[in-house]
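Descriptive analysis of the structure
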Amino acid sequence: AQRVTQPEKLLSVFKGAPVELKCNYSYSGSPELFWYVQYSRQRLQLLLRHISRESIKGFTADLNKGETSFHLKKPFAQEEDSAMYYCALSGTDSGNTPLVFGKGTRLSVIA
Amino acid sequence: DVKVTQSSRYLVKRTGEKVFLECVQDMDHENMFWYRQDPGLGLRLIYFSYDVKMKEKGDIPEGYSVSREKKERFSLILESASTNQTSMYLCASSLGGDSYEQYFGPGTRLTVT
């Protein structure tokens, strides 16, 4: 079964401190992984996907197949990073099936 | 830009009422999804559709039904609303094929009293 685990419900960090939001997945095949973000009063939106290898708003995430992890990192947190973050997995070869989401981590950046 | 719109931002209904939540996307996407979002539970899939008139149950379909008569529109129906269906409802769409990215609507916050 496909599963995404985000172990932290809430993560609080000080402005300027490094941030790491953890995501572990369970899937026997070759996954495609995403991070979605929801800022206050805004819709859920894609932050980044592992295949693009982009850095968005200073965030990066590396797929580690050995540890089945896809942790989201940023070297210096900013107040505007405060939001709800969801890790998501697509575990099939077809785009016609839903993503599997983790339960989310709320990031709070303290000034 | 992909636009996914939902008919209402806030909705208050009484127990036992029939409730319709509408979702429209304007990018000719094949797939559409309905989720509910609850604190501590994340996003839970209710139903999805990969083609017109096709539907598949998600993880929590009980108490809900859906309709997809046109490609761009996907409706969620609560046949007889109950207080435990008070939640934020999110609609999403995706192109399909090799494209997995889902685009979300703004959400409808439904309160059942």
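Residues numbered from 1 in each chain as written. Chains lettered and ligands numbered in written order. Predicted model: local features only at pLDDT ≥ 70, side-chain atom pairs only at ≥ 80, totals over all residues. Heavy atoms only, no water.

Residues and elements named next belong to chain B. Looking at the element boundaries, Gln6 is found in strand S1 (residues 4–6). When its relative accessible area of 10% is taken as the criterion, Gln6 is described as buried. Within the local environment of Gln6, its side chain forms a polar contact with the backbone oxygen of Tyr89, the two atoms lying 3.1 Å apart. At a separation of 3.1 Å, a polar atom in the side chain of Gln6 contacts the main-chain amide nitrogen of Cys91. Beyond its immediate chain neighbours, meaning those up to four positions away, Gln6 contacts Glu22, Trp34, Tyr89, Leu90, Cys91, Gly105, Pro106, Gly107 and Thr108. (Helix = DSSP H or I, 4+ residues; strand = E, 2+ residues; numbered from the N terminus. Buried < 20%, exposed > 50% of the residue type's maximum accessible area, 1.4 Å probe, protein only. Polar contact = N/O pair within 3.5 Å; in protein donor to acceptor, adjacent residues only side chain to side chain. Contact = heavy atoms within 4.5 Å.)

Bringing the sheet that holds strand S7 (residues 60–61) of chain A into the picture now. Residues and elements named next belong to chain A. The 3 strands are arranged S3-S8-S7 in an open sheet whose pairing can be described as antiparallel. Because the sheet does not close on itself, it has two edges, and the strands there are strand S3 (19–21) and S7. Examined bridge by bridge, S7 and strand S8 (residues 72–74) share 2 bridges and lie antiparallel to one another. Each residue of the ladder has a partner; that of Ala61, found in S8, is Leu72. (Pairing = 2+ DSSP bridges.)

This part covers the pairing of strand S4 (residues 31–38) of chain B. A regular strand carries its side chains on alternate faces of the sheet. Residue and element names in this part refer to chain B. Most of S4 is tucked away: 8 of the 8 residues are buried. Where S4 meets strand S9 (residues 87–94), 7 bridges bridge the pair, whose relative direction is antiparallel. Note on S9: the bridge partner recorded for Tyr35 is Leu90. Linking S4 to strand S5 (residues 42–49), which pair antiparallel, is a turn of 3 residues; within it Gly40 sits at a positive phi near 80°.

Right, let's get into the state of the cysteines. All names here are of chain A. Under the counting rule described, the total for this entry stands at 2 disulfides over all chains. At a sulfur-sulfur separation of 2.0 Å, the disulfide partner of Cys23 is Cys87. Around the S-S axis, the bridge from Cys23 to Cys87 shows a dihedral of about -65° and counts as left-handed. Within this pair, whereas Cys23 is found in the loop between S3 and strand S4 (24–26), its partner Cys87 is found in strand S9 (residues 83–90), the two being separated by 64 residues in sequence. Taken individually, Cys23 and Cys87 each receive the classification buried, so the pair is uniform in this respect. (Disulfide = S-S within 2.5 Å.)

Below, the discussion takes up the nonpolar core. All names here are of chain A. Counting residues in each nonpolar core, the largest one holds 24 residues, and the members touching the most others are Trp35, Leu47, Leu48, Phe70, Leu72 and Tyr85. Secondary structure elements with two or more residues in this core: strand S2 (10–14), S3, strand S5 (32–38), strand S6 (45–49), S9 and strand S11 (105–110). Examining the composition of this core, we find that 4 residues originate from one element, S9, more than from any other. (Core = buried A, V, L, I, M, F, W, Y, C linked by side-chain atoms within 4.5 Å.)

The interface of chain A with chain B comprises 23 residues on the first partner and 24 residues on the second. At the boundary of chain A with chain B, total buried surface from both sides reaches about 1900 Å², with 52% on carbon and sulfur atoms. Applying the counting rule to chain A against chain B returns 1 salt bridge. The salt bridge involving B:Glu101 is made with A:Arg49; its shortest N-O contact spans 2.8 Å. Where chain A touches chain B, the interface holds 6 residue pairs in polar contact (both at pLDDT 80 or more). Taken together, the elements giving at least two residues each to the side of chain A that touches chain B come down to S5, S6 and S9 of chain A. (Buried area = accessible area lost by both parts, 1.4 Å probe. Salt bridge = Lys/Arg side-chain N within 4 Å of Asp/Glu carboxyl O.)

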